[in-house]
Amino acid sequence: MNAGSGHFAYSQARLQARLGESADPADLQRAHAARDIAGFINAVRTTPQRRYTTRLAPGMDPHELERHLRYEWSALVDEVARWQPATWQETIRWLRWLPYLPALQKLTRGGRPPAWTRADPVLGRIVALDPSLRGQALADSPLQPLRSALEADDGDITAAWLSHWRASWPVSSRHVRALDLIVRDVAALNAKLREAAAGDSRELQRALSRRLLRAFRRFPLSPAAAVAYLGLEALELLGLRGGVMRRAVVTPGPA
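Given the structure is predicted, the values throughout are model-derived calculations rather than measurements.

Draft legend 1. The overall build of the protein chain, seen in detail. Each helix and strand in the protein chain was counted, giving 13 helices and zero strands. Secondary structure elements of the protein chain occur, N-terminal to C-terminal, as α-α-α-α-α-α-α-α-α-α-α-α-α. Relative to the compact-globule value of 18 Å for 255 residues, the protein chain shows a C-alpha radius of gyration of 19 Å, a close match. Evaluated residue by residue, the protein chain yields a buried proportion of 45% over its 255 residues. Considering only residue pairs separated by 6 or more positions, the protein chain has 58% of its internal contacts joining residues 24 or more positions apart. If you sum the accessible surface of the protein chain, you get close to 13300 Å²; carbon and sulfur atoms cover 53% of it.

So this is what it looks like as structure tokens:
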């Protein structure tokens, strides 16, 4: 089996190595015990999650902190995409836009753009326009497949994202079943998360993490392994974001 870059064997080896570097829960628990953002970031930098904190600093405002975390997610997705066979790279790369979906959904309902979107390198030029012109601006961006949903009064951005993602899967792929299983697991638990209380949401996230880990082990040498790995990292980044933002908003660091 060819294990060079661009083959599932190569990807699996890289993903397995990364998964083996996951942060120890006890180390993360100690980080979350930090009272301020400087202490939290410094504690995280003693764990494997340090790779997501290189651009973070205590004096940054919350929007800037979140912008750097979105960048880290995009960079991770692009890296994992490069490990895949050429026919699957765009499928994996499309995952980089997941953090943008809630903001775009709000625009379809006539809501005001979230403040952070104005400084975002992708959405900034779109939300600065009159709402009637945003669809065309989106058409000139990597988010073009979401234009119809953005312009519709009842447009569903997530459904449009998912439709385009499915369309990117190679025809007659033997990996469709595995990807569909992950989609169903994520969708089912996401629906429960929207209704859950804080304590319940943590348990639901742990349940999703267990399902993604099971999918990673069940479907090696496939794009599903890459998707499952990225799902696990997304949950880790959500936890990191929560720790950063609670301290940036409630107990801001020194200017």
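After presenting the structure, the write-up continues.
Draft legend 2. Molecular detail of the nonpolar core. Ranked by size, the top nonpolar core spans 72 residues in total, and within it V80, L104, L123, L146, W165 and L230 carry the most contacts. Here the element with the most residues in this core is helix α13 (residues 223–250); it accounts for 14 residues. With sequence-adjacent residues up to four places away left out, L123 is seen in contact with Y100, A103, L104, W116, T117 and L143.

Draft legend 3. Structural view of helix α5 (residues 86–93). For α5, the complete set of buried residues consists of W88, T91 and I92. Relative to the axis of α5, the buried residues are bounded by an arc of 95° and lie together on one face. Along α5, exposed side chains directed more than 90 degrees from the buried face belong to A86 and E90.

Draft legend 4. A look at unusual backbone geometry. A positive phi angle is found at L221, which is not glycine, with a value near 55°. Within the secondary structure, L221 is located in the loop between α12 (198–218) and α13.

Draft legend 5. Examining the packing of aromatic side chains more closely. In the structure shown here, the tally under the stated rule is five aromatic pairs. Through a chain of ring-to-ring contacts, three or more aromatic side chains come together here, namely W94, W161, W165 and W169.

Draft legend 6. Main features of the packing of helix α4 (residues 62–82) against α5. Closest axis-to-axis distance for the α4/α5 pair is 8 Å, and the angle between their directions is 165°. With respect to their mutual orientation, α4 and α5 come out roughly antiparallel. As for the relative orientation of α4 and α5, their crossing is right-handed in sense. Residues V77, D78, V80, A81 and R82 of α4 form the contact with α5, whose own contacting residues are Q89, I92 and R93. Residues belonging to the contact of α4 with α5 are distributed by class as follows: four nonpolar, one polar and three charged.

Here is what the cut-offs are and how they apply
Residues numbered from 1 in each chain as written. Predicted model: local features only at pLDDT ≥ 70, side-chain atom pairs only at ≥ 80, totals over all residues. Heavy atoms only, no water. Helix = DSSP H or I, 4+ residues; strand = E, 2+ residues; numbered from the N terminus. Rg over C-alpha atoms; globule rule 2.2 N^0.38 Å. Buried < 20%, exposed > 50% of the residue type's maximum accessible area, 1.4 Å probe, protein only. Contact = heavy atoms within 4.5 Å. Areas by Shrake-Rupley, 256 points an atom, 1.4 Å probe, with all protein chains shown as cover. Core = buried A, V, L, I, M, F, W, Y, C linked by side-chain atoms within 4.5 Å. Arc of directions from axis to C-beta. Phe/Tyr/Trp six-rings, centres within 6.5 Å; stacked < 30°, edge-to-face > 60°. Axes fitted to C-alpha atoms, helices over the stretch in contact; angles between N-to-C directions. Parallel < 35°, antiparallel > 145°, perpendicular 65-115°, else oblique. Left-handed = near helix turned anticlockwise from the far one by under 90°. Nonpolar A, V, L, I, M, F, W, Y, C, P; charged D, E, K, R; others polar.

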